[in-house]
Amino acid sequence: MILKRAKINNFKQFEGEHTLEFNTDGKVTVIYGYNGYGKTRLHSFFYWLLYGNDRDGEAIYNKPSMRRSFQGDTVDIRGELEFEHNGRDHHFVRETTYKKGSNRVIKSNNFVRLRRADEYGNYQHIDEPELYIKDVLPEELSDYFFFDGEGMANELLGEKTGRNHKELKEAVNTIFGLKLYENAMSHIGTIDRKNNAIYELSRRKKDTNGKYKASTYQKFMTDKAEERDTIKQELEKDKKEKAEKQARKDKLSEQIGQKDLGNKLNAERDNLKKENDRLQKRIDETISKTGKLIGETLSYYIVSKNIKNVQDLITRKIDENYVSGLDSRIINNILKKDNCICGNHISATERENLHRLLNMLPPHSYSSIFYDYKAQAEQRLEGSKEAIEQISNIIENVTNYYDDINNNNERIEEIDSELSRLENIQQLVQERKELEKHITQLEEKMDQKNAKISELNTLVKSAEKKYREALKNNEANREITEKIEFLETCRQEINKRYEEYRNYYHKQLESNIREMIDKMLSVKREIQLNDNYTLTVSDKFGSTSLSAGQAAIISFAYIGGILNTLKNLNVKYVSQAYPLVLDAPLSHLDDDHIKNVFQHLPQFADQIIIFSKEQIDNMVEEDNSPYKYQIKTNAEANKSIVEEYKGEEYFIDQNVRRIQ
Amino acid sequence: MNKEKFIEEVLKLEGENLKREKPKQWVIREIIKLIDEGWENHDTEKSEN
């Protein structure tokens, strides 16, 4: 399937008709659009057009224009796609009509039409167009060809996503045509199961006249097989439940593992408390030992420490208040005369200030008081110098002890808050205990089921043997028995081919993906394709962690691997050309990786349509490609248009990453 | 009856089947039809031989 031209009409915010033409010669078609302009919606258009569903479950009509319309009005949404498949041109149309009701919008009509050109180029109608489309590109595979970049990587790398690995396996098996073999085997069936060709044939058999009728054995056999299959299904559910419980238990254990942390913290807390006790004891001892000395010397010590402080203080005070050229004699004179030097009379406030100033000056100044104090103190301290030094050391030690105690107390507070956080561990331990009990019960149940399955298997086998014996001697059943045996051989043959092809494709796919990854990733990785087609990717140290960019590259490599495998193998009933429609896959990649991708993409995909918010002109310039588009939007009116890309100016107003 | 030919026919049928919404009963009926027709030819081949 190679896309040639698409017409979009009134789909979501794309009001009116827009036409996109695609490169069909292996070159890239680029559709530029900023975030929020409608890239992803345009991408989802293809999905709606082909399968009639919206990927995001959104309304496909333009909501504002529907709001503006009146009750009873209808809106048509139309999509057209011209594509080539198996050498023939196709023209597919889908048109959905919505009608505005009194309080909701109703889908009133859905029309699809597919025409295919015959060998002379004349278009003929195809019956059941939707089934035909699903045959061309199975819906479950469409995600891989209408590719949203990041979502897929998670799935491939075995992360939990909405889809499960069974679907991935089905999708890959479908594209390799293996689904044909699986279906064929299930439709031919086995003798002990209902609802298949062998069962239907065996119902034609006539009963023998022996003690027990063949039909009795057949009924017994198929009933028991059905019972066994039901138990098998239940067992699968049990397995899933067990895995979930086990995962929860592991998580709990991880949290409970912090219980050790709690123990460690408690031990540390105890040690700190002990340390504090020791320090306190030391302080007490020091003080009591030196009590006498302190009693006798403390006042001198305080005085000695204070002398300097007081001196600083006095000096500052004097600096602040001292007026140069003034002395007490002049001030006294002024106060006495009540007149200033300039001859003016002095006010009450000025008088008050002068009195205050007078106090600052000898013999009543602070400094003169201080010098008296200092002289007397030093005289008295003379005999206590040694004691003061001792007490100074003791006080320093005690202060250090107190500092240590304070630090320890801070750490104890931290530990206490940590411990209160870990307090609910007991609850977790309880939950884990219950989970363990459930898991054990589940395992017992599973064991019982396994035993029952093997018991039923024995019953089915022995009933089958008796059933075959009961039929053997009956001539009337000879032909049917032969047909059943023939079908059984065919089933085995198909299974043989299936296994052969599956192993071969698996090997090819793995080696193709490895080759792609080696080309596109700068760091060497080990890759392993698992049975369910998920990938395990690890570096040389065995680490499986990947950056978002690396994961995106791996998704490209995977798709590339599938396409390459298809190209090189002659898979019957499966088309080998597919379009790759990529929505904004480049944001997590650095420039070198983007270059790698652009160098290798066209080698594996027959057609690439890329939606980008990065400016990648340089990557596709060599093509001289006319197939570039830009999406413009009027967000307020919820309208977007797609038009031919006019070159760099599209990006001028925006801060856009340019890949050079 | 030719086993290879029969298997090819069944697989072709499965290719068609991929287009169908609910294929199960339809395919089973077709397989039985194939084997019945094949058996008639098979019997003819046998008697001719």
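The rules behind each value
- Residues numbered from 1 in each chain as written.
- Chains lettered and ligands numbered in written order.
- Predicted model: local features only at pLDDT ≥ 70, side-chain atom pairs only at ≥ 80, totals over all residues.
- Helix = DSSP H or I, 4+ residues; strand = E, 2+ residues; numbered from the N terminus.
- Buried ≥ 20, exposed ≤ 12 C-beta atoms within 10 Å, placed from the backbone.
- Contact = placed C-beta atoms within 7 Å.
- Pairing = 2+ DSSP bridges.
- Axes fitted to C-alpha atoms, helices over the stretch in contact; angles between N-to-C directions.
- pLDDT = per-residue confidence, 0-100.
- Core = buried A, V, L, I, M, F, W, Y, C linked by C-beta atoms within 7 Å.
- Domains from an automatic or database assignment.
- Nonpolar A, V, L, I, M, F, W, Y, C, P; charged D, E, K, R; others polar.
- Parallel < 35°, antiparallel > 145°, perpendicular 65-115°, else oblique.

1. Digging into the overall build of chain A
Thinking step 1. What chain A contains, in helices and strands, is 20 helices and 14 strands.
Thinking step 2. Taken across its 660 residues, chain A has 25% of its residues classed as buried.
Thinking step 3. By sequence separation, contacts in chain A at least 24 residues apart represent 74% of the contacts at least 6 residues apart.

2. With respect to the overall build of chain B
Thinking step 1. In terms of regular secondary structure, chain B is built from two helices and zero strands.
Thinking step 2. Here chain B holds 49 residues, and 18% of them are scored as buried.

3. As for the sheet that holds strand β6 (residues 105–117) of chain A
All names here are of chain A.
Thinking step 1. Taken in spatial order, the six strands make up an open sheet running β2-β1-β4-β5-β6-β7, and their pairing is antiparallel. At either margin of the open sheet sits one strand with a lone partner, and together these are β2 (14–21) and β7 (123–125). Direction aside, the axes of adjacent strands within the sheet are offset by 15° on average.
Thinking step 2. Bridge count between strand β4 (residues 74–85) and strand β5 (residues 88–100): twelve bridges; the pairing is antiparallel. Paired with Leu-81 across the bridge in β5 is Phe-92.
Thinking step 3. Those strands touched by helix α3 (residues 129–136) are β4, β5 and β6, and its axis lies near 65° from that of β6.

4. Points about the confidence of the model for chain A
Note: predicted coordinates in regions of low pLDDT should not be interpreted at a detailed level.
Thinking step 1. Looking at chain A, the pLDDT average stands at 81 and 85% of residues meet or exceed 70.
Thinking step 2. When mean pLDDT is compared element by element in chain A, β5 of chain A scores highest at 93, while helix α5 (residues 150–156) of chain A scores lowest at 62.

5. Regarding the nonpolar core
Thinking step 1. Counting residues in each nonpolar core, the largest one holds 99 residues, and the members touching the most others are Ile-553, Ile-554, Ala-557, Tyr-558, Leu-580 and Ile-608 of chain A together with Ile-31 of chain B.
Thinking step 2. Sort the elements by how many residues they give to this core and helix α18 (residues 548–568) of chain A lands first, with eleven residues.
Thinking step 3. Residues lining this core come from more than one domain, with at least three contributed by each of domain 1 (1–137 + 580–660) and domain 2 (151–206 + 479–577) of chain A.
Thinking step 4. Judged by nonpolar contacts, the second largest core, of ten residues, contains Tyr-217, Met-221, Ala-463 and Leu-471 of chain A.

6. With respect to the pairing of strand β9 (residues 526–529) of chain A
In regular strands, side chains alternate between the two faces of the sheet.
Residue and element names in this part refer to chain A.
Thinking step 1. Pairing geometry for β9 and strand β10 (residues 535–538), over four bridges, is antiparallel. Bridging across to β10, Glu-526 finds its partner in Ser-538.
Thinking step 2. Turn length for the β9-β10 hairpin, with the two strands adjacent in sequence and antiparallel, is five residues, and the turn residue Tyr-533 shows positive phi of about 70°.

7. Some remarks on unusual backbone geometry
Residues and elements named next belong to chain A.
Thinking step 1. Even without being glycine, Asn-10 reaches a positive phi, approximately 65°.
Thinking step 2. As for its position among the elements, Asn-10 is in strand β1 (residues 2–11).
Thinking step 3. The phi torsion at Asn-86 lies on the positive side, around 50°, for a residue other than glycine.
Thinking step 4. Inspection of the secondary structure puts Asn-86 in the loop between β4 and β5.

8. Describing the interface of chain A and chain B
Thinking step 1. The partner chain B presents 18 residues to the 22 residues of chain A that form the contact.
Thinking step 2. Contributions of two or more residues to the side of chain A that touches chain B are made by α3, α7 (178–188), α8 (197–202) and α17 (478–520) of chain A.
Thinking step 3. No other element matches the seven residues that α17 of chain A contributes to the side of chain A that touches chain B.
Thinking step 4. Residues of the side of chain A that touches chain B, tallied by class, amount to twelve nonpolar, four polar and six charged.

9. A short note on the environment of Tyr-217 of chain A
Thinking step 1. Here Tyr-217 of chain A is to be found in helix α9 (residues 214–256).
Thinking step 2. In the structure, Tyr-217 of chain A is positioned 249 residues away from Lys-466 of chain A in sequence and 6.9 Å away in space, judged by C-alpha atoms.

10. What about the packing of α17 of chain A against helix α19 (residues 591–604) of chain A?
Residues and elements named next belong to chain A.
Thinking step 1. At a minimum axis separation of 9 Å, α17 and α19 run at an interaxial angle of 135°. Classified by the angle between their axes, α17 and α19 sit oblique to one another. Together, Met-516, Lys-519 and Met-520 of α17 and His-593, Asn-596, Val-597 and His-600 of α19 make up the contact between the two elements.
Thinking step 2. Of the residues assigned to the contact of α17 with α19, the class counts are three nonpolar, three polar and one charged.

11. Thoughts on the packing of α18 of chain A against α19 of chain A
Residues and elements named next belong to chain A.
Thinking step 1. Orientation of α18 relative to α19, taken along the N-to-C sense of each, is 10°, at an axis distance of 10 Å. In terms of orientation, α18 lies roughly parallel with respect to α19. In contact with Gly-549, Ile-553, Phe-556, Gly-560, Leu-563 and Asn-564 of α18, α19 contributes His-593, Val-597, His-600 and Phe-604.
Thinking step 2. Counted by class, the contact of α18 with α19 contains five nonpolar, five polar and no charged residues.

12. Some thoughts on the environment of Tyr-645 of chain A
Residue and element names in this part refer to chain A.
Thinking step 1. Considering the arrangement of structural elements, one finds Tyr-645 in the segment after β14 (639–644).
Thinking step 2. Judged by local crowding, Tyr-645 falls into the partly exposed class, with 19 C-beta atoms found within 10 Å.
Thinking step 3. A C-alpha to C-alpha distance of 8.1 Å links Tyr-645 and Ile-31, two positions 614 residues apart in sequence.

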